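Below, each chain spelled out in residue letters.
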Amino acid sequence: MSLSINDSSLSLHAQRKLAEQTNEATRLIARLGAGARIQDAADDPAGQAVVRRMASRLSGMSQAMRTINDTTSMLQVADGALSNITDSLQRLRELAVASGNGAYTDSDRNTLQAEANQILAHINETGNGASFNGQAIFTPQIVRSEDKNKRAVLDSLRAGWLSSAEDMVQQYYGLQGDGVTLKINLDTTDGQGGVLASVTGSTAPGSDVTLNVDMADFSNITTPDGGSGPVFDDRVIAHEMVHAVMLRSTSFNFPQWFTEGTAELIHGADERLAGALASGQTAAGIVGTIAGGGFSYEGGYVASRYLHDRLKAMGVAGGMKGLMTYLNQNRAADLDTALKAVTGGQYQNTAGFLTDFAAGGANYITNKMNLTNADTGAIGGLDADSGPSRDAQGVVPESGLGTAAQPLRNFKVEYPGLSSGSQAMRRVQVQVGADSGDVVDMQFAAVNTSALGLADLDMHNTAVALLHIDDALASVTEQRVQVGAYSNRMDVVASNVQTSTQNLEAARCRIQDVDYAGSTVKLTRAQILQQAASAMLTQANGESRAVLALLR
């Protein structure tokens, strides 16, 4: 290798190596001092992009946790309000039960009503006033509207009309339904004063039955019996329940006078018969219509009651009940067959009975039936069976053995919906994660007295009051269950966010944070190389002095 004073390649090479090791040492010292492997995009472009995205998600998840905590606090306020309303409803129920005390006077019930009104006001204040951060939790709006007359009819059906009618039919006729569905229809009408109610269906196995109630004739129900005397609405329902039960328990292949007459006999029809006589009809004429193959309601009633007495006189246990029991046990039998069987041939057929009725019916009306006393003439009552006197208002008991949820033991009852529109809801959307789709929707319905059906709660009508309060309790309980479910979901979401935050933070650290052990080793190496390069630069710079030694 030649020597030259103009060429400094060795020095330049040593300078370059010294600069490289100095830069490397500087970079490593910066990483170790900051604790981060990535100081700027040049350190790791792809890694820096990933870390920035992770940091954004971590920031969003941190805020989501604060939102979840606020939501949990709001739900606790909601649950507290619902608990308070539940306690108020329980007190209302105690008052409603107390109002059913037969020893209480109307004045006592007025006192109960006064306390109930204060409780209702408190429920309104609690339901409408529950708020969090200045915002109402439960919506105060009521969008749904319902027909109050239909509501009153359904309340009465559930509270006692259906169950008491079913019990009467089973007690006095020995008949019961077969478990099919009884549908309540409130949307059929022929105008006021026509057909008050009717039953449609068939005797086919499994066939449902429909009870049609004409709302033109069922309105302004303010008493447990409904309507006004003597044709109280509960008597109309009892009449139709005879049809419904007979339809599902017999062949239902009977003359009209028998079908309608036995339905009238269940609650008595003395006032109908008295009205016909007062309007100019005669006992002989009423009997003659039925005996001649015609029909009238008062005639059918008289014929059924006459038959009931004659069957008892012939030794048929229960009179009409014995006949109905046979028809139930022999589902294919018609009235001819049943009469011959239960009377042992004393009536060979229906015609034989009608002959007897034609001969003795008018005298029966005139001398046997008492149309002036309060008793309606119903089967099992004072006039028909020497039982307790039952007037038009009391002939159908206020309630039977069924419950409001299932008033009939031998039918499934299907009620129509009354609400038009939809229930107003306050929607609360909660961001529970870092992404736009990480949201939980919560809805809160109104829990004031109007929404709970308690706005017109009347403690004087115990059965309906209890029905409304139980419905309100069920509604509040359902709302409280929903709030509890939301709260549990917040707990689950919070746990998930915390777990995701922990895992994401660990992943970010693995990408961004410096490896102290490895970086310290690299720094030591760089410093050694830096020192070596510095020493070699000194040697390279001294090479030109060797040339001067040759020139001396």
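Keep in mind that what you see is a predicted model, and the values were worked out from it rather than measured.

Enquirer: Run through the overall build of the chain, naming residues and quoting values.
Expert: Scanning the chain from N- to C-terminus turns up 16 helices and 10 strands. With 552 residues in all, the chain has 44% of them scored as buried. Here the analysis covers contacts within the chain between residues at least 6 apart in sequence; of these, 74% occur between residues at least 24 apart. As displayed, the chain has an accessible area near 26,400 Å², and 50% of this comes from carbon and sulfur atoms.

Enquirer: Quick rundown of the layout of surface pockets? Include the residues and the values.
Expert: Approximately 430 Å³ is the volume attributed to the second largest pocket. For the second largest pocket, the lining is made up of 20 residues, of which Leu196, His239, Glu264, Arg272 and Tyr297 are closest to its centre. Of all the elements in the fold, those that place two or more residues in the lining of the second largest pocket are strand S5 (197-200), helix H5 (233-249), helix H6 (256-265) and helix H7 (270-278). The dominant element in the lining of the second largest pocket, judged by the number of residues it contributes, is H5, at 5 residues.

Enquirer: Can you lay out empty space enclosed by the protein for me, pointing to particular residues and giving the numbers?
Expert: This structure, assessed with the given rule, holds 1 cavity of 30 Å³ or more. Looking at the largest cavity, its volume works out to about 50 Å³. Breaking the lining of the largest cavity down by element, the ones donating at least two residues are helix H4 (148-173) and helix H14 (462-512). When its residues are assigned to classes, the lining of the largest cavity shows 5 nonpolar, 3 polar and 1 charged.

Enquirer: Could you give me a rundown of the sheet that holds strand S6 (residues 209-213), with the residues and numbers involved?
Expert: Where strands meet in a sheet, backbone hydrogen bonds hold them as pairs that are either parallel or antiparallel. Spatially, the 4 strands line up as an open sheet ordered S5-S6-S4-S7, and their pairing is mixed. In the strand order of this sheet, the two ends are held by S5 and strand S7 (412-414), each with one partner. The mean angle between the axes of side-by-side strands here comes to 20°, regardless of whether they run parallel or antiparallel. Direction of pairing for strand S4 (residues 181-185) relative to S7: parallel, over a ladder of 3 bridges. Opposite Leu182, over in S7, you have Val413 as the bridge partner. Contacting S4, S6 and S7, H4 runs over the sheet at an angle of about 145° to S4. Packed on one face of the sheet, H5 meets S4, S5 and S6 and runs near 10° to S5.

Enquirer: How would you sum up the pairing of strand S9 (residues 425-431)? Please name residues and give values.
Expert: Of the two faces of S9, only one is covered, namely that formed by Arg426, Val428 and Val430; the face formed by Met425, Arg427, Gln429 and Gln431 stays uncovered. Where S9 and strand S10 (residues 439-445) come together, 7 bridges link them in antiparallel fashion. Bridge pairing links Arg427 to Gln443 in S10.

Enquirer: Describe the environment of Ile469, naming the residues involved and giving the relevant values.
Expert: Mapping Ile469 onto the fold places it in helix H14. Looking at Ile469, the relative accessible area reads 0%, which means it is buried. Between the C-alpha atom of Ile469 and that of Gly453, which follows or precedes it by 16 residues, the distance is 8.2 Å. Dropping the residues within four chain positions of it, Ile469 is found in contact with Leu89, Leu92, Arg93, Ala96, Leu454, Leu457 and Met459.

Enquirer: Kindly report on the packing of aromatic side chains, identifying the contributing residues and their values.
Expert: One pass over the full model with this rule turns up 12 aromatic pairs. Between the aromatic rings of Phe138 and Phe444, the centroid separation amounts to 6.0 Å while the plane-to-plane angle is 80°, which identifies the pairing as edge-to-face. Remark: Phe444 occurs in strand S10 and Phe138 occurs in the loop between strand S2 (135-136) and strand S3 (145-146); sequence separation between them is 306 residues. Each member of the pair, Phe138 as well as Phe444, is classed as buried.

Enquirer: Tell me what's going on with helix H9 (residues 297-313), and back it up with residues and numbers.
Expert: A rise of 1.5 Å per residue sets the reference length of H9, with its 17 residues, at 24 Å; its end C-alpha atoms lie 24 Å apart and thus fit the reference within 8%. The buried fraction of H9 amounts to 12 of the 17 residues, a majority that puts the element mostly inside the structure. Among the residues making up H9, those that are buried are Glu298, Gly299, Gly300, Tyr301, Val302, Ala303, Ser304, Arg305, Tyr306, Leu307, His308 and Leu311. Residue Gly315 follows H9 closely and has a positive phi angle near 95°.

Enquirer: Report on the packing of H4 against helix H10 (residues 320-329), specifying residues and quantitative values.
Expert: Packing of H4 against H10 leaves a shortest axis separation of 8 Å and a crossing angle of 100°. When the axis of H4 is compared with that of H10, the two are roughly perpendicular. Across the interface between the two elements, Gln170, Gln171, Tyr172 and Tyr173 of H4 pack against Met320, Lys321, Met324 and Thr325 of H10. Within the contact of H4 with H10, the residues separate by chemical class into 4 nonpolar, 3 polar and 1 charged.

Enquirer: Tell me about the nonpolar core, residues and numbers included.
Expert: Grouped burial of nonpolar side chains is what soluble globular proteins tend to show. Counting 77 residues, the largest nonpolar core has Tyr173, Met241, Phe258, Leu307, Leu323 and Phe353 as the members making the most contacts within it. When residues in this core are grouped by element, the largest group, 11 residues, is from H4. Counting residues in each nonpolar core, the second largest holds 48 residues, with Ala81, Met442, Met459 and Val493 among its members.

Enquirer: I'd like a description of the side chain of Thr71, backed by residues and values.
Expert: Position of Thr71 among the secondary structure elements: in helix H2 (residues 45-99). With near-sequence residues (within four places) excluded, Thr71 lies in contact with Val430, Met442 and Met490.

Enquirer: Hey, could you go over the packing of H6 against H10 for me, with residue numbers and the actual values?
Expert: Two quantities define a packed helix pair, namely the angle between the axes and the distance from one axis to the other. Running from N to C, H6 and H10 cross one another at 130°; their axes reach a closest spacing of 13 Å. If you check the angle between H6 and H10, you find them oblique. In this structure, the crossing between H6 and H10 has a hand that is left-handed. Judged by residue contacts, Phe258, Thr262 and Leu265 of H6 engage Met320, Leu323, Met324 and Leu327 from H10. In terms of residue class, the contact of H6 with H10 is built from 6 nonpolar, 1 polar and no charged.

Definitions and limits used
- Residues numbered from 1 in each chain as written.
- Predicted model: local features only at pLDDT ≥ 70, side-chain atom pairs only at ≥ 80, totals over all residues.
- Heavy atoms only, no water.
- Helix = DSSP H or I, 4+ residues; strand = E, 2+ residues; numbered from the N terminus.
- Buried < 20%, exposed > 50% of the residue type's maximum accessible area, 1.4 Å probe, protein only.
- Contact = heavy atoms within 4.5 Å.
- Areas by Shrake-Rupley, 256 points an atom, 1.4 Å probe, with all protein chains shown as cover.
- 1 Å grid on protein atoms, 1.4 Å probe; cavity = no way out; pocket = protein on both sides within 12 Å on 5 of 7 lines; lining within 4 Å.
- Points joined across faces, edges and corners; volume = space filled by probe spheres on them.
- Nonpolar A, V, L, I, M, F, W, Y, C, P; charged D, E, K, R; others polar.
- Pairing = 2+ DSSP bridges.
- Axes fitted to C-alpha atoms, helices over the stretch in contact; angles between N-to-C directions.
- Phe/Tyr/Trp six-rings, centres within 6.5 Å; stacked < 30°, edge-to-face > 60°.
- Expected span 1.5 Å × (residues − 1).
- Parallel < 35°, antiparallel > 145°, perpendicular 65-115°, else oblique.
- Core = buried A, V, L, I, M, F, W, Y, C linked by side-chain atoms within 4.5 Å.
- Left-handed = near helix turned anticlockwise from the far one by under 90°.

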